[in-house]
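Listed below are the residues making up each chain.
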Amino acid sequence: PGLNLEDVEFNVDVCSQVEINEVCFWASMRGQTLVRTLKGLMNYRAGLERLARAEEGVLYAKDPIERIRRCNDIRDMIRRKFQIIVAYQIYNPDRFDKMWTSERQNAFERMLDYIWGIDVVYNNPNNRQSCMLRFDRPDIDIGDALEWDDESSGDVVIAGQWVINRPGQLVMGEPKAENQAHALMFALNEVIQVNDMNMYNTLEDSSKIHFL
C-alpha cells in the first residue's frame, strides 16, 4: 500500500517508530501508491463533511456536547453516502502467502495511521467467498471531549465484516476486471466512481462534487 522500510535510506537506529512512519507516509504520497489514492478520496470526504457542518450551522452551536453530537451524526451520514471501497487483490487477513507477506501486512497497518473509513474487499478462494472489512475510527465520545476532532476518536478498528458466498471461484478474465467486478457486490449507493492508483484529489477538489 505504501513504501516499505527496506526502500528508505536513513538511520532507523536513531529514529522513533513515529518518525519512521512519517517518512514512509511522506514518500508514499509522492509515488503511485494505494495510500496516495485513498488520501485523495479522504480529502473528498473531509471537504463534504466541512460543507455539511457549515450548511447545518454546527460550528455556531453554543453547547459543545450538542456540537459534537451533530458532528458525529454528519460524519455517519457522509460515511453512508460516500463509501470508499478498496478492491484489494492480494489482501489476506487470515494467513501469509507468497503474495501477502508480513512486510505487506506491516505496510498496511502503517497506512491505517493515516487512512480510515474504508471498506477493503478481498477474495477468500478456499471458501469461495467475497469478503469486506470496514476499517474506521469510532465516534467521538461525547463524555470525554469538548471539541470535535476526528483525530481524537481513537485508533482505527475493524468496524464491520461482510461475507458473500459465491457458487464458484473468480474466473472472469484478467485479474483487474475480476477484482473490481466482485467488489461491486458491496457497493451500497447509486453512483460509482472508479479511481486508479495514479489519481489524487486535493481538499479543494471536493467542492466539485454535488452536494449530498
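Not measured: the values here are computed from a predicted model.

Chemist: Outline the side chain of Q129, supporting the account with residue identities and numerical values.
Modeler: Note on placement: Q129 falls in strand β3 (residues 129–136). For Q129, the side chain forms a polar contact with the side chain of N165, separated by 2.9 Å. Once you skip the residues sitting within four places of it in the chain, Q129 turns out to touch Y122, N123, N124, V163, I164, N165 and R166.

Chemist: So what about the packing of helix α2 (residues 34–55) against helix α3 (residues 64–81)? Which residues, and what values?
Modeler: The contact between α2 and α3 brings their axes to 10 Å, and the two run at 135 degrees. Judged on the interaxial angle alone, α3 and α2 are oblique. Here the hand of the crossing between α2 and α3 comes out right-handed. Contact residues: R45, L48, E49, A52 and R53 in α2; C71, I74, R75, I78 and R79 in α3. Broken down by class, the residue content of the contact of α2 with α3 amounts to five nonpolar, no polar and five charged.

Chemist: Talk me through α2; I want residue IDs and the actual numbers.
Modeler: The first and last C-alpha atoms of α2 sit 32 Å apart over 22 residues, in line with the 32 Å expected at 1.5 Å per residue. Just downstream of α2, G57 is the residue with a positive phi angle, here 70 degrees.

Chemist: Describe in detail the sheet that holds β3, supporting the description with residues and values.
Modeler: One open sheet accounts for four strands, arranged β1-β2-β3-β4; its pairing is mixed. Every other strand in the sheet has two partners, leaving β1 (85–87) and β4 (157–165) as the edge strands with one partner each. Between one strand and the next, the sheet's axes are offset by a mean angle of 25 degrees, whatever the strand orientation. Pairing between β1 and strand β2 (residues 118–124): three bridges, direction parallel. Paired with A87 across the two strands is V121, which belongs to β2.

Chemist: I'd like to hear about the confidence of the model for the protein chain, residue by residue, with values.
Modeler: Chain-level pLDDT for the protein chain is 79 on average; 81% of the residues reach the 70-or-more range. Throughout residues 144–148 the model reports pLDDT below 50, and contacts reaching past four residues in sequence, or to other chains, amount to 13 contacts.

Chemist: Residue-level account of the pattern of salt bridges, with values.
Modeler: As enumerated under the stated definition, the model contains seven salt bridges in all. In this structure, R69 engages D73 in a salt bridge whose closest nitrogen and oxygen atoms are separated by 3.0 Å. Residue R69 and its partner D73 are located together in helix α3, separated by four residues, close to a single helical turn. Residue D73 is classed as partly exposed on the basis of its relative accessible area, which comes to 39%. A salt bridge links D119 to R134; its shortest N-O distance comes to 2.7 Å. With a gap of 15 residues between them, D119 in strand β2 and R134 in strand β3 connect regions that are remote in the sequence. Residue classification places R134 among the partly exposed positions, given a relative accessible area of 23%. A cluster of three or more residues bridged by salt bridges with shared partners is formed by E49, R53, R79 and D136.

Calculation criteria
- Residues numbered from 1 in each chain as written.
- Predicted model: local features only at pLDDT ≥ 70, side-chain atom pairs only at ≥ 80, totals over all residues.
- Heavy atoms only, no water.
- Helix = DSSP H or I, 4+ residues; strand = E, 2+ residues; numbered from the N terminus.
- Polar contact = N/O pair within 3.5 Å; in protein donor to acceptor, adjacent residues only side chain to side chain.
- Contact = heavy atoms within 4.5 Å.
- Axes fitted to C-alpha atoms, helices over the stretch in contact; angles between N-to-C directions.
- Parallel < 35°, antiparallel > 145°, perpendicular 65-115°, else oblique.
- Left-handed = near helix turned anticlockwise from the far one by under 90°.
- Nonpolar A, V, L, I, M, F, W, Y, C, P; charged D, E, K, R; others polar.
- Expected span 1.5 Å × (residues − 1).
- Pairing = 2+ DSSP bridges.
- pLDDT = per-residue confidence, 0-100.
- Salt bridge = Lys/Arg side-chain N within 4 Å of Asp/Glu carboxyl O.
- Buried < 20%, exposed > 50% of the residue type's maximum accessible area, 1.4 Å probe, protein only.

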